[in-house]
Every structure is written in C-alpha cells, then in structure tokens.
Amino acid sequence: MIPTIDIRVQDRDGIPIAALEGEIDIANASEVRDQLLALLSNRPSGLIVDLSGVTYLDSRGVHVLLELAERTKIRHQQLRIVVPEGAMIRRILQLTRLDVVVPLDHTVDDAATRMGAEY
Amino acid sequence: MTTAPIRILVVDDDAALLQALPETLHLRMPESAVDTADSAAAALECIASKDYDAIVTDIKMPGVDGLELLGRIREVQPDTPALVITGHGEHDLAIQSLRAGAFDYVQKPIDREYFIASLHRAVHARALRRQVVEQQQALQRRAAALEQVVETRTEELRYKADRARVLAESAAAIHSARDVVQILQSVADAACRLADASVAAAGCAAREREAGPANHRSPEWKAAFATRPGATLPNDDQMARALAACANRHGAGLGNGHAPALGPELPWSLAVPMRSRGGDLRGGIILGRHGPPPCAEDEDLQLKVGILVRQAEVALENVLLYQRERTIAETLQRSLLPGELPQIPGLALDARYLPGRPDAVGGDWYDVFMLPSGQLGLAMGDVAGRGVWAAAVMGQLRNALRAFALEGDPPALVAARLNRFIPTGTMATLLYMVYDPDTMEARYVNLGHVPPVVVTPERTTSFLEGGAPPLGAKLWFSYRENSAVLTPGSTIVLYTDGLVETRGEPIDDGLNRLARAIADKSNDDIAGLLDHLLASVGGGTNAEDDIAVLALRPLPLDSTRLSLRLPAVPSSLSQLRQTLRRWLTASGLAADLAYEITTACNEACANAIEHAYGPGDASLSLEVSLIDGRLTVIVLDTGRWRTPHPLHRGLGLTIMRALMDTVDVDSGPGGTTVRMQRRVATTARV
C-alpha cells in the first residue's frame, strides 16, 4: 500500500502555503518533491510548508525538504517549515539537522508573520 | 398378323395318302408348309427338331401307331393340336384318340372340305392359345418388372428416410455439443453413418478467426475421428494431414477421385471444407470407404455431408463465441480477486475461491486491504447475474469500494456511496467489514448478504446480526453499522451464498450445516477450516455457483518475537510501520519509543528495498525480539548494501544510529544484514 499524502495549497499575501497531510516515505517522496518544487516555478518570494498533518516522515522526506531549502536559497526565496510542538516528526528533523538549515515554526501564523518580518 | 408359314406335319404309312394330302393342303391352304413322315419314328424326329402348328396322323400304322404317337406328341409339344385319321366306322378308335388328346378326327375316305376346315380350326386354336400364353407371359413379366420398381423405390425411400433421420439426429447432437471436440465428434459420427463410410475425420482450427492455412499441427487444431465396426482407421495424424491438405487445396466440396486418397484400402473418399462465418477456411471433414457407395449418388451424399458441415459451422461459431465471452469473464473475475492477502502479525487470515459450473461465470468477489488507519477492510459480495457483464459490475464495485474505503469512511457511509454508484438496474449483495487489529472490533454493514459466522474456541457459533437491502434495491437508504468484538482464538467466516445454497433446500438448512461444520473444525488452523468448509458444505465438485469464503482469526500475541517477510518494494513500508508500531505498543513500549524504533526499522528496510536485486520478486525479512528490555532488530535482504551516496548525506544511517544503541551493517555476497539493538523500558500489559 502506498501511503496517502494530500497536499493543499493556499495563498496568503502572495506566499504559497503547502499543507501536507499523511505520510511521506520512499514510496511517495519523489511525488511530493515534484509538487513542492512546482510551487516555486512562478517565483513567489517564499514558501511555507506546513507539516502539521504529516504523521510520518522518513529520510527520503527529509531529502525533499533539504533540496527545497537549496533551491529556495539559490533563488533568494524564503522557506519556512511548520511543525507543531511535540510532533513525532520533529525529532527526525532535529536528528537530520534540518532545523539548522530551515527555520521551523510551530504554526502557520507564526511562519507567515516571520516570513513577512524577515523579508 | 404373321407371314410365317403354317407348319404342318403329315404322318401316314400310306404313301398315296402321304402324297395326296400335302397336295390338297398346298392347294387349299397355300400359306402352309408341309412336312411328311411315313412312320411314327420319323414323325418323332421331325417333332424333336421343329415346332409345328398342327400335326395330322394316321391312327393305324405299323410299329408305333397313331394313338401312341399322340401320347408322345402330348409330351413333347403339348400345345400342338393333332388331327387323327381313322378308318371308316372306326368310331371307337376315334373316341380313344380324342380322349388321348387329339384335337379332332377325320374318317377315311377323307372329306377334304371337313379336313381343311378342321385343320384351320386346329391351327387357329393353336395360334389363339399361343397368343394367350404370350399375353400371360407378358403380363407376368410386366408384373415382375413393376414389383422390381416398387422394391427399388421402397429401398430408396427407406434409405432417404434413414439419411433424413441421421441428419435430424446429428443436428440435435451437434447443437447440444458444449465444446469444439464434441461438435467435431458428432459430425464425424453422423457423416460416417450418413455416407455409410468406413472412417471419418473432422478437424478445424478452434479459434474465432482463422488466419492463414489450416494446419493440423497448430495448437488450435482440434480433430475427431469415427470408424465403422471392423473398419481400420489410417492413423489419426495421416487423416488430419489429408484433411488439412484438402481443406487448403480446394474451396468447394469434393467427391470421389478429387478428395485426397486415404490409402489403397479406402478407394472411395469424400471431403467437404468447413468455413468460419467470415468465409475463412477453418477445417473440414473427410470420409473414406472400403467400397463404393451403396445406394445414393455421390452428389446426393456430398449435399448431405455438406448440410452436416453447415450445421457444424454454426455450432462452432456459437461455441467459440461463448468460449471467448467465458474467457473474458473468467479473466476479469480472476484479475479482480486479491492475489496475496495482507500479512498482519497476530492475525490469521485466509480465503478460498471456487469457480462454479464451467458454463457460467458468476459475480462473486471478495477483497481484503489495509486501510490508512491500520485497520483491515474486508469485502465480500455477489453481483446478480452471470457472465462478462456481472464480472464487469463486480470490478466496478470492487474499485469503488476500495476508493471509498481508503478515504477512511465508516462502513455505513461506504455502503451508502456504493448504493449511489451501482449501475441502474443492477443488484448486488455486499458485506463490508472494517476490522481493527488493536481492539479486535469488527464494524460491518450487511447489504442482503448471507450473515457471517463467528465461532469461539469453545465451539459456540453465532451469526452476525443486522441486515439491509442489497445494493441497487433502494435509491436512497440510510445504512446502519453493526459491530462485534472478537476474542483471541475466535474465528469470523465470511462467504457467498454458493457455499450454503442447495437447490430445493431451505437456506436455513444450509446455514445450519455451515454452522455445524465450522464448529467441528473451530480449532483447526484457518486454512484447514476453509478446506473443510468447501469439501463438506460447498457440495464439493457439484457446486453450481461460485463460492468465495474467507476466515479471520485474531491470534494471541507473542510479545517477545515478531517476524515479518515482505516484498522488497516501496509500497511494503507503510504496512510494515503500522504492523511494527502496533506490535511494539502491544508489547508495552511507550508511543514515542515505538515511533523511534519504527523509524529506525523503516530506514533499514528502505535501504534494503532501494538496493535489493532484481525487479519485483526480491523480499526482505524483519525479525524483532524483545527479551528482558533488550530490543533486537534484524533486517535481512537479498541485495547489497550500498555505500551511502554523497548527495544522500547518509541520512538513513544517521537516523538509525541516532535512534538505536548499536547499528551493525554486514554486507555479504548473498545480501545484507542490518542488526540494531536498543534497551527499552516496557510497561507490563494485562
């Protein structure tokens, strides 16, 4: 069985917010990657990836986020990732030092606010 | 009428009279030709060599006299009238001679007028008699000829009636045949009888469209042979080859002399080709006989064998069309049944499917799948109707049910959606059940389906209650969910009505039989239980309907050991994580700890999948043990552990090392073993 992953995209003040729901693993990571990278193609000033609904994320999922971080950096776009406090996946993001590369926020509102402020 | 002379013999020892009488005759009967004899002996010689119209003889002669001569004449030429010449006043002699068969007597001295008149009468009488005899003979000949005609016509009619009966009987046999070989056999048998042939072979290509020449070596080629008692068949291959050769060489039917010879013992042969509806050559029939045809003409036979072949052609089209539809339906149905059932530790799960009678494919189906929630979806249904259409509807239902179920909707909502989805005018029964391995609760809806049976280890059986109308019966229906909680060792059995329905028997009898059979084997493993049910309840091989049966049994959990074997494909991991996490928490690990162990295992398995050899059939195994707070994980694969690619930054290994106390990777030529350990705290579970 391929784990289900839903990606819903909202726009807030020109910034796309991609809300992911489900599990990300080897079976669907490349699909998630393609969809997130596509959001950068029309050159918004930044991107918020909301992982609040993600119950599982493996190393392939982390790779996707790292690649996203590299791409946004090259394009001078901001990337913020939303992970609620106490979420199981937070531990994985810390282990892989993603939190060092990409700022993590607890809520979408936090992310949106900080993105505006730091830009 | 006749111009032939009247042949008269005159016998007398009196030379004068022997000279005078012919002269008289010559004068008075010019059309006569007279022979004379001077003694009875000479007369007899004449009679022996010639057929006379009348004989005139003296009664008194030396040696053999007239009376005696008269007797001899009666013997040799009984139809020839004889006139006797007697002396004057010899009335006694005259009467004697009349008694001896003389036509008349003439007394001496001879009254010539009387003599000639009498002779004329005699000749005339002789001619009349002869005519009568001839007419009688002619009549007899005519009668005999007529009789012959009647006999011949009767024989012909009988033959024709017999052929007509053979044709009618064969038509029935051909059209009741269920497969190609049966049709060919019927045709060969009928043709053999029809043509009174010694041997017959019928062969054809058993596929719907015959492209290219008929080839008796093709795997599609089917043939049947028939022989008369006592006749020897040339070997089958030889017949088939002759058949294919003749079918290819000639378009039309072939009579004797044109059909390929079947060997010197079978001098007479007849061949008729067989075509498909599209006119393609498909095969043919060939007959051989030890002798010539007995009664009917070649042409007539050819016509009748041709009728047989036309019947066979139609029957073949039907059978092939039917076979194609059946193959499609079977393929559809089979492709829609699940291949491998999900493996869930702590849960025994097995299913059987038994196709019904070969002439109809039913719409029975079942499905088992994991839901994103980690619960198990179980569906069993029966689409009303048979054949391709039922199989197609079944496929639609199965896919729709999976789609709705994977959304995570509860059974009642899935049922309501399916009811709106089912094609108009279609009815289907359905049992949809969501089983939660953690709570052992089964939530289900039953839409007109036979009720599932639950049996406890103590052999108590019960039917799961709750029912609603079948799918398609009501446009809108609010379905109500039922539930049942199993205990470890209990078994739940889902099935289709084919298992319990016997024609002419109340359904309750079948249900009771099923319950008893389940109770009998409630402690067997479920594979044994299912086999027992099929053999004892399903009517064995007599089953008319399809039968699907599925059993599920929660097993007591072994909290020290977990063993999983999975296909080395990415889609295995999701289920592996669910299973592992459930086992770990069931074994007393805290949720976050279970999450971490699961994540480490996932990374090890993902690597195994990414690096496994071969496309598809590689597998990996996961062994987990938990003894005295020491958790050991061993992941084995058939691939080679690859050095982490720089771009991947070795994230997987980083995660594994961070989450476990020890991680050892051992790469060998046969595969890679990853061994991980971690000390864990467990809370004892009740």
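Residues numbered from 1 in each chain as written. Chains lettered and ligands numbered in written order. Predicted model: local features only at pLDDT ≥ 70, side-chain atom pairs only at ≥ 80, totals over all residues. Heavy atoms only, no water.

### Quick look at the overall build of chain A
Working step 1: Assigned secondary structure in chain A consists of 5 helices and 5 strands.
Working step 2: For chain A, the sequential pattern of α-helices and β-strands runs β-β-α-β-α-β-α-α-β-α.
Working step 3: Expressed as a percentage of the 119 residues in chain A, the buried residues total 52%.
Working step 4: Sequence-distant contacts in chain A: of pairs separated by 6 or more residues, those separated by 24 or more amount to 65%. (Helix = DSSP H or I, 4+ residues; strand = E, 2+ residues; numbered from the N terminus. Buried < 20%, exposed > 50% of the residue type's maximum accessible area, 1.4 Å probe, protein only. Contact = heavy atoms within 4.5 Å.)

### Section: the pattern of salt bridges
Residues and elements named next belong to chain B.
Working step 1: Enumeration over the complete set of coordinates arrives at 35 salt bridges over all chains.
Working step 2: Its salt-bridge partner being Asp-438, residue Arg-582 comes within 3.5 Å of it at the nearest N-O pair. Taken together, the residues Arg-582 in helix 13 (residues 572-586) and Asp-438 in the loop between strand 13 (428-436) and strand 14 (441-447) connect sequence positions 144 residues apart.
Working step 3: Three or more residues are tied together by salt bridges with common partners; here these are Arg-7, Asp-51, Asp-53, Arg-126 and Arg-130. (Salt bridge = Lys/Arg side-chain N within 4 Å of Asp/Glu carboxyl O.)

### A word on the nonpolar core
For soluble globular proteins, nonpolar side chains are generally found buried alongside one another.
Working step 1: Ranked by internal contacts, the top residues of the largest apolar core, which has 73 residues, are Leu20(A), Leu51(A), Ile81(A), Leu622(B) and Met676(B).
Working step 2: With 11 residues, helix 14 (residues 591-611) of chain B is the largest single contributor of residues to this core.
Working step 3: When near neighbours in sequence (up to four residues on either side) are disregarded, Met676(B) contacts Ala600(B), Cys601(B), Ala604(B), Leu631(B), Thr632(B), Val633(B), Met656(B), Met660(B), Thr662(B) and Val663(B).
Working step 4: If you look at the next biggest cluster of nonpolar residues, it comprises 57 residues, including Leu341(B), Met380(B), Val393(B) and Met394(B). (Core = buried A, V, L, I, M, F, W, Y, C linked by side-chain atoms within 4.5 Å.)

### Overview of the interface of chain B and chain A
Working step 1: Contact residues are listed per partner, giving 30 residues for chain B and 24 residues for chain A.
Working step 2: Carbon and sulfur atoms make up 59% of the surface buried where chain B meets chain A, a total of about 2,300 Å² over both sides.
Working step 3: Our count for the chain B to chain A interface comes out at 4 salt bridges.
Working step 4: Among the ionic pairs, Arg577(B) bridges to Glu23(A), the shortest N-O distance being 3.0 Å.
Working step 5: For the interface between chain B and chain A, the tally reads 7 residue pairs in polar contact (both at pLDDT 80 or more).
Working step 6: The set of elements that each furnish at least two residues to the side of chain B that touches chain A consists of helix 13, helix 14 and helix 15 (651-659) of chain B.
Working step 7: Ranked by the residues each element gives to the side of chain B that touches chain A, the list is headed by helix 14 of chain B, at 12 residues. (Buried area = accessible area lost by both parts, 1.4 Å probe. Polar contact = N/O pair within 3.5 Å; in protein donor to acceptor, adjacent residues only side chain to side chain.)

### Concerning the sheet that holds strand 18 (residues 491-495) of chain B
Residues and elements named next belong to chain B.
Working step 1: Sheet architecture is open: 5 strands sit in the order 10-19-18-15-16, paired in antiparallel fashion. Looking at the sheet topology across the chains shown, the edges are occupied by strand 10 (347-354) and strand 16 (461-463). Across the sheet, the axes of successive neighbouring strands diverge by a mean angle of 15°, strand direction being ignored.
Working step 2: Strand direction decides the pairing type here: strand 15 (residues 453-455) and strand 18, joined by 3 bridges, are antiparallel. (Pairing = 2+ DSSP bridges. Axes fitted to C-alpha atoms, helices over the stretch in contact; angles between N-to-C directions.)

### Focus: empty space enclosed by the protein
Residue and element names in this part refer to chain A.
Working step 1: The full count for this structure, using the stated rule, is 1 cavity of 30 Å³ or more.
Working step 2: If you add up the space inside the largest cavity, you get close to 30 Å³.
Working step 3: Every residue along the wall of the largest cavity is listed here: Leu-20, Ile-24, Val-32, Leu-36, Leu-51, Leu-57, Gly-61, Val-64 and Leu-65.
Working step 4: Elements with a minimum of two residues in the lining of the largest cavity: strand 2 (15-24), helix 1 (29-38), strand 3 (46-57) and helix 2 (59-74). (1 Å grid on protein atoms, 1.4 Å probe; cavity = no way out; pocket = protein on both sides within 12 Å on 5 of 7 lines; lining within 4 Å. Points joined across faces, edges and corners; volume = space filled by probe spheres on them.)

### A look at the sheet that holds strand 7 (residues 221-227) of chain B
Residue and element names in this part refer to chain B.
Working step 1: Spatially, the 4 strands line up as an open sheet ordered 7-6-9-8, and their pairing is antiparallel. Each edge of the open sheet carries a strand with a single partner, namely strand 7 and strand 8 (268-275). The sheet shows a mean angle of 10° between the axes of neighbouring strands, taken without regard to direction.
Working step 2: Pairing of strand 6 (residues 199-205) with strand 7 involves 7 bridges; the strand directions are antiparallel. Within strand 7, the residue paired with Cys-204 across the bridge is Lys-222.
Working step 3: Most of the contacts of helix 6 (residues 180-194) go to strand 7, to which it runs at about 30°, and overall it touches strand 6, strand 7, strand 8 and strand 9 (281-289).

### Examining the confidence of the model for chain B
Residue and element names in this part refer to chain B.
Working step 1: Averaged over chain B, the pLDDT score is 83; the fraction of residues at 70 or greater is 87%.
Working step 2: Here residues 250-257 is a poorly scored stretch, pLDDT under 50, and it has 22 contacts once near neighbours within four places are set aside; other chains count.
Working step 3: Ignoring residues within four places in sequence, the model shows residues 644-648, a span with pLDDT below 50, making 4 contacts including any to other chains.
Working step 4: For this predicted complex, the interface score ipTM comes out at 0.92, while the overall pTM is 0.55. (pLDDT = per-residue confidence, 0-100.)

### Observations concerning the packing of helix 2 of chain A against helix 15 of chain B
Working step 1: The contact between helix 2 of chain A and helix 15 of chain B brings their axes to 9 Å, and the two run at 125°. Put simply, helix 2 of chain A runs oblique to helix 15 of chain B. As for the relative orientation of helix 2 of chain A and helix 15 of chain B, their crossing is right-handed in sense. Taken together, the residues of helix 15 of chain B that come into contact with helix 2 of chain A (itself represented by Ser59(A), Val62(A), His63(A) and Leu66(A)) are Leu651(B), Gly652(B) and Ile655(B).
Working step 2: Taken together, the residues that form the contact of helix 2 of chain A with helix 15 of chain B break down as 4 nonpolar, 3 polar and no charged. (Parallel < 35°, antiparallel > 145°, perpendicular 65-115°, else oblique. Left-handed = near helix turned anticlockwise from the far one by under 90°. Nonpolar A, V, L, I, M, F, W, Y, C, P; charged D, E, K, R; others polar.)

### Thoughts on the packing of helix 11 (residues 507-520) of chain B against helix 12 (residues 526-536) of chain B
Residues and elements named next belong to chain B.
Working step 1: One way to put it is that helix 11 packs onto helix 12 with a least axis distance of 10 Å and a crossing angle of 145°. In the packing of helix 11 onto helix 12, the handedness of the crossing is right-handed. Contact residues: Leu-514, Ala-517, Ile-518 and Asp-520 in helix 11; Leu-529, His-532, Leu-533 and Ser-536 in helix 12.
Working step 2: A class-by-class count of the residues in the contact of helix 11 with helix 12 yields 5 nonpolar, 2 polar and 1 charged.

### Looking at helix 10 (residues 411-421) of chain B
Working step 1: Turning to helix 10 of chain B, its buried residues are Pro411(B), Ala412(B), Val414(B), Ala415(B), Ala416(B), Leu418(B) and Asn419(B).
Working step 2: If you follow the buried residues of helix 10 of chain B, they end up packed against helix 9 (387-406), strand 13 and strand 14 of chain B.

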